[in-house]
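Chain by chain, the residues run as shown.
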Amino acid sequence: MAFPHLQQPSFLLATLKADSINKPFAQRCQDLVKVIEDFPAKELHAIFPWLVESIFGSLDGVLVGWNLRCLQGRVSPVEYSIAMEFLDPSGPMMKLVYKLQAEDYSFDFPVSCLPGPVKASIQENVLPDSPLYHNKIQCPPTGGLGLNLALNPFEYYMFFFALSLISQKPMPMSLHVRTSDCAYFILVDRYLSWFLPTEGSVPPPLASSPGGSSPSPAPRTPAMPFASYGLHTSLLKRHISHQTSVNADPASHEIWRSETLLQVFVEMWLHHYSLEMYQKMQSPHAKESFTPTEEHVLVVRLLLKHLHAFANSLKPDQASPSTHSHATSPLEEFKRAAVPRFVQQKLYVFLQHCFGHWPLDASFRAVLEMWLSYLQPWRYAPEKQVQSSDSQPRCVSEKWAPFIQENLLMYTKLFVSFLNRALRTDLVSPKNALMVFRVAKVFAQPNLTEMIQKGEQLFLEPELIIPHRQHRLFTVTSSFLSPWPPVVTDASFKVKSHVYSLEGQDCKYTPMFGPEVRTLVLSLAQLITQAKQTAKSISDQCAESPASRSFLSWLGFGATDPNSCYPGNDLDEMGQDSVRKTDEYLEKALEYLRQIFRLSEAQLAQLTLALGNTRDENGKQQLPDCIVGEEGLILTPLGRYQFAGQMAALCSRNDFLGSFCRYHLTEPALSNRHLLSPVGRRQATSPARGPRLSLRFLGSYRTLLLLLLAFFVASLFCIGPLPCSLLLALGYLLYAVAMTLLTERGKLHQL
């Protein structure tokens, strides 16, 4: 395709738009590469916004663009390869960004498309705490549609790239797409590795011309329209003003790209719940209704893992702030400051929201692993040692004590939040049992418990004579390379500063190793013991061979597989092996909890004994586990499942009685059990559960009206209430028998 250099930008844009409809994907990309190479920045400036939107989709989610979130190499290898090459950090698209960057172009980005708290803050004329927005806000002209940010090309590109993860509609439920195989996920990984390198320096921008390299300058932004916003010194200008040696780190000229990338990712992916509202209500405000998906959480986990590796790539003599000097390069300073200054606060509030609002199902595993990845920076340190799966976990080094203390709430308060979730889940499910096991295993690592306890002791120390200081010391800064605050030698103050900055100075802290949490742990241990017994009951029933067949077996209504068992609690996915895994996970989780909270064997034995005492001398079940409330007895989480084993055993029988119980105590199989998105899962029918007795229909107005009508008709034939009730019961019994036979016969025809 030939593009004369004298064409007007509007004509070039119109041509490209027409080609996007008429030409195949590969040809369009080839033409774009040629356009980027041949045309000057003045003409490319006009097509840049359209090109970015055509790739990443529109901010309202209507246009999907190249649909990078579903594009996979194994499904569409040609399109995948072309797209990845075009969008690579060293590819044509980034070359276009640097070409425009060198000419100081800016592009308008609507404030209305920013995350809720950021948008609300700007609209109220309050500057967000992130330096990403400083000196970029433009008041609309008279009659304008709204506030805009004036972004340089690199910022504009990254804003669209980051927001496309959440602005586009969730993937269709029919598509079983593995996030880590998709082009978007892999591009995030490439950008992180390029701009936040764990080895070496940040690569310089690509050459803008064959004659040589033209590094892009630091972003120059228009004047701030709100005078109250104050001044913001850009990273590069500050470094150049202090640079005295021509042999300084070359990355100093490009470190602003690394800062921008991290800030954009954190703001677009994590800043959806305001800290101020969280501190006031101890939960995100109702208006902050953003609901992350599993895909979103997996990408955030990738970011956290890379940030740990990035921060831990400092050399030992550079890792401590006490060694800071003017000779330290900006990249090294950034490595130390990236997590505490940009990530910690927003991640904490994001996790709090997920722990409190995520559905009580197996999809929470994505949130759980993101949390556990953040809690274990030592897993991503260069000196980490590979362990075999059966080896004992290595002791957590004391070098991580400062990180643990300055992230205390991430360990303690979120652990309590997890306990409250675990007490409301069905631990007979192997997926739920695995989550309890994973958390217990992480917290049981040698020396970790002691360091968490030390952090709590430092926080709970009485404040003697500590002068009033700004507690949000690490969160509100004009630029991460502003002068470091004086080294605080008081470890207690560091922990208090962390807690107060996130929870407010009037917060009520519940110690992780205090009596309240210990009571929760004992309740969880009791629930684990009950779940183990229930799983064993199901396992024993599945293993039994039927001693005899019912008189209806000749009709073909028995189970076709004599070894099949009741399909509930995800046990149908792996059968007998699933029960074994559940028991193994729960057994190890119980042992880890015993180690973490120093539970004695006698205490655990008492839990088992207490469960055994729920049967009387005749072997019949007593009242389930209850607590006394204002309106009488209330079932505990344990009590809701105490008959589960017997009900499951009945439903797993292969005779007519088993079929009859399955008809009454279980739901029909649901087709939507494995929905990937928690949003879709909430809207769909709830997943299949274990056998349960529900009498809610007796409270239905329809049922009561039908009963009254039946009694009225019976009275016309001189039939009293008691004979009428017996006739109704007999009629329902015959109906239930017929429906049971028809249901079983239907299942046989489907096999």
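Conventions we followed
- Residues numbered from 1 in each chain as written.
- Predicted model: local features only at pLDDT ≥ 70, side-chain atom pairs only at ≥ 80, totals over all residues.
- Heavy atoms only, no water.
- Helix = DSSP H or I, 4+ residues; strand = E, 2+ residues; numbered from the N terminus.
- Contact = heavy atoms within 4.5 Å.
- Areas by Shrake-Rupley, 256 points an atom, 1.4 Å probe, with all protein chains shown as cover.
- Disulfide = S-S within 2.5 Å.
- Buried < 20%, exposed > 50% of the residue type's maximum accessible area, 1.4 Å probe, protein only.
- Axes fitted to C-alpha atoms, helices over the stretch in contact; angles between N-to-C directions.
- Parallel < 35°, antiparallel > 145°, perpendicular 65-115°, else oblique.
- Nonpolar A, V, L, I, M, F, W, Y, C, P; charged D, E, K, R; others polar.
- Salt bridge = Lys/Arg side-chain N within 4 Å of Asp/Glu carboxyl O.
- UniProt positions renumbered as here; feature names shortened; annotations may be inferred.
- Phe/Tyr/Trp six-rings, centres within 6.5 Å; stacked < 30°, edge-to-face > 60°.
- Lys NZ or Arg CZ within 6 Å of the ring centre and 35° of its normal.
- Pairing = 2+ DSSP bridges.
- Expected span 1.5 Å × (residues − 1).
- Left-handed = near helix turned anticlockwise from the far one by under 90°.
- Core = buried A, V, L, I, M, F, W, Y, C linked by side-chain atoms within 4.5 Å.

## Concerning the overall build of the protein
Reasoning step 1: When helices and strands are tallied, the protein shows 27 helices and five strands.
Reasoning step 2: Intrachain contacts of the protein at a sequence separation of at least 6 include 78% that bridge at least 24 residues.
Reasoning step 3: By element, 58% of the accessible surface of the protein is carried by carbon and sulfur atoms, the whole surface being about 36,900 Å².

## What about the state of the cysteines?
Reasoning step 1: Applying the stated rule across the entire model yields zero disulfides.
Reasoning step 2: Between Cys70, a cysteine without a disulfide, and Cys182, which holds the nearest cysteine sulfur, the sulfur-to-sulfur distance is 6.2 Å.
Reasoning step 3: Looking at Cys182, the relative accessible area reads 2%, which means it is buried.

## A few points about the packing of helix H16 (residues 408-422) against helix H18 (residues 448-460)
When two helices pack together, their arrangement is captured by the angle between the axes and the distance separating the axes.
Reasoning step 1: Put simply, H16 and H18 touch, their axes get as near as 10 Å, and they point 100 degrees apart. With respect to H18, the element H16 is oriented roughly perpendicular. Only Leu448, Ile452, Gly455, Glu456 and Phe459 of H18 make contact with H16, whose side of the interface consists of Leu408, Tyr411 and Thr412.
Reasoning step 2: Among the residues forming the contact of H16 with H18, the class breakdown is five nonpolar, two polar and one charged.

## Describing the pattern of salt bridges
Reasoning step 1: Applying the stated criterion across every chain yields a total of 19 salt bridges.
Reasoning step 2: Across the pair Arg365 and Glu369 runs a salt bridge, and its minimum N-O distance is 2.8 Å. Of the two residues, Arg365 and Glu369 are both situated in helix H14 (residues 365-375); the distance of four residues between them amounts to about one turn of the helix.
Reasoning step 3: In this structure, Arg438 and Glu369 form a salt bridge, with 2.9 Å as the shortest nitrogen-oxygen distance. Of the two residues, Arg438 is situated in helix H17 (residues 430-443) and Glu369 in helix H14; the sequence distance between them amounts to 69 residues.

## Thoughts on the UniProt feature "transmembrane region" (unreviewed entry) in the protein
Reasoning step 1: Per the UniProt record, "transmembrane region" (unreviewed entry) is found at residues 704-737.
Reasoning step 2: Secondary structure across residues 704-737 divides into 88% helix and 0% strand, with the first and last C-alpha atoms of the span separated by 23 Å.

## Observations concerning the packing of aromatic side chains
Two numbers describe a pair of aromatic rings. These are the distance of the centres and the angle of the planes.
Reasoning step 1: Taken as a whole, this structure holds 38 aromatic pairs when the rule is applied.
Reasoning step 2: Centre to centre, the rings of Phe161 and Tyr191 are 5.0 Å apart; their planes meet at 75 degrees, and the pair counts as edge-to-face. In this pair, Phe161 is assigned in helix H7 (residues 153-167) and Tyr191 in helix H8 (residues 183-195), connecting sequence segments 30 residues apart.
Reasoning step 3: Ring pairing ties together the aromatic residues Phe56, Phe154, Tyr157, Phe161, Tyr184, Tyr191, Phe195, Trp256, Phe265 and Trp269, which thus form one cluster.
Reasoning step 4: Seen from the ring of Phe364, Arg421 lies directly overhead, with NZ or CZ sitting 3.8 Å from the centre.
Reasoning step 5: Positioned above the aromatic ring of Phe459 is the side chain of Lys496, whose terminal nitrogen or guanidinium carbon lies 5.4 Å from the ring centre.

## Focus: unusual backbone geometry
Leave glycine aside and you will find that most residues have negative phi; peptide bonds, for their part, are mostly trans.
Reasoning step 1: Phi at Asn135 is positive, roughly 60 degrees, even though this residue is not glycine.
Reasoning step 2: The topology assignment puts Asn135 in the loop between helix H6 (116-123) and strand S2 (137-138).
Reasoning step 3: With phi around 60 degrees, Cys718 is a residue other than glycine that occupies positive phi space.
Reasoning step 4: Relative to the helices and strands, Cys718 is located in the loop between helix H26 (701-716) and helix H27 (721-750).
Reasoning step 5: Taking relative accessible area as the criterion, Cys718 reaches 75% and is therefore assigned exposed.

## Focus: the sheet that holds strand S1 (residues 107-110)
Reasoning step 1: Read from one edge to the other, the open sheet built from three strands follows the order S1-S3-S2, with strand pairing classed as antiparallel. Edge positions in the sheet fall to S1 and S2, since each has one partner strand and no second.
Reasoning step 2: Sheet topology places S1 next to strand S3 (residues 148-151); four bridges connect them, and they run antiparallel. Note on S3: the bridge partner recorded for Phe109 is Leu149.

## Things to note about the pairing of S3
Reasoning step 1: Summarising the sheet, S2 and S3 pair through two bridges and their orientation is antiparallel. Each bridged residue has a counterpart across the sheet, and for Ile137 the counterpart in S3 is Leu149.

## Some details on H16
Side chains of residues three or four places apart in an α-helix project in the same direction, reflecting 3.6 residues per turn.
Reasoning step 1: Look at H16: 21 Å from first C-alpha to last across 15 residues, which is about the 21 Å you get at 1.5 Å a residue.
Reasoning step 2: Across the 15 residues that make up H16, a large majority, 13, are buried.

## Regarding the packing of H7 against helix H10 (residues 255-270)
Reasoning step 1: Closest axis-to-axis distance for the H7/H10 pair is 9 Å, and the angle between their directions is 30 degrees. As the angle between them shows, H7 and H10 are arranged roughly parallel. Classified by chirality, the crossing of H10 by H7 is right-handed. Across from Phe154, Glu155, Met158, Phe159, Phe161, Ala162, Leu163, Leu165 and Ile166 in H7, the residues of H10 making contact are Trp256, Arg257, Thr260, Leu261, Val264, Phe265, Met268 and Trp269.
Reasoning step 2: Looking at side-chain class alone, the contact of H7 with H10 contains 14 nonpolar, one polar and two charged residues.

## Quick word on the environment of Asp181
Reasoning step 1: Note that Asp181 resides in the loop between H7 and H8.
Reasoning step 2: Residue classification places Asp181 among the partly exposed residues on the basis of a relative accessible area of 27%.
Reasoning step 3: For the pair formed by Asp181 and Gly73, sequence separation is 108 residues and the distance between their alpha carbons is 7.5 Å.

## Some details on the nonpolar core
Proteins that are soluble and globular tend to have nonpolar side chains buried together.
Reasoning step 1: Counting residues in hydrophobic clusters, the biggest one holds 171 residues, and the most contacted among them are Leu68, Leu87, Tyr157, Trp269, Trp371 and Phe443.
Reasoning step 2: Element by element, the count of residues in this core is highest for helix H13 (residues 330-357), at 13 residues.
Reasoning step 3: Setting aside chain neighbours within four positions, we find Trp269 in contact with Ala162, Leu165, Tyr184, Val188, His296, Val299, Val300, Leu303 and Phe350.

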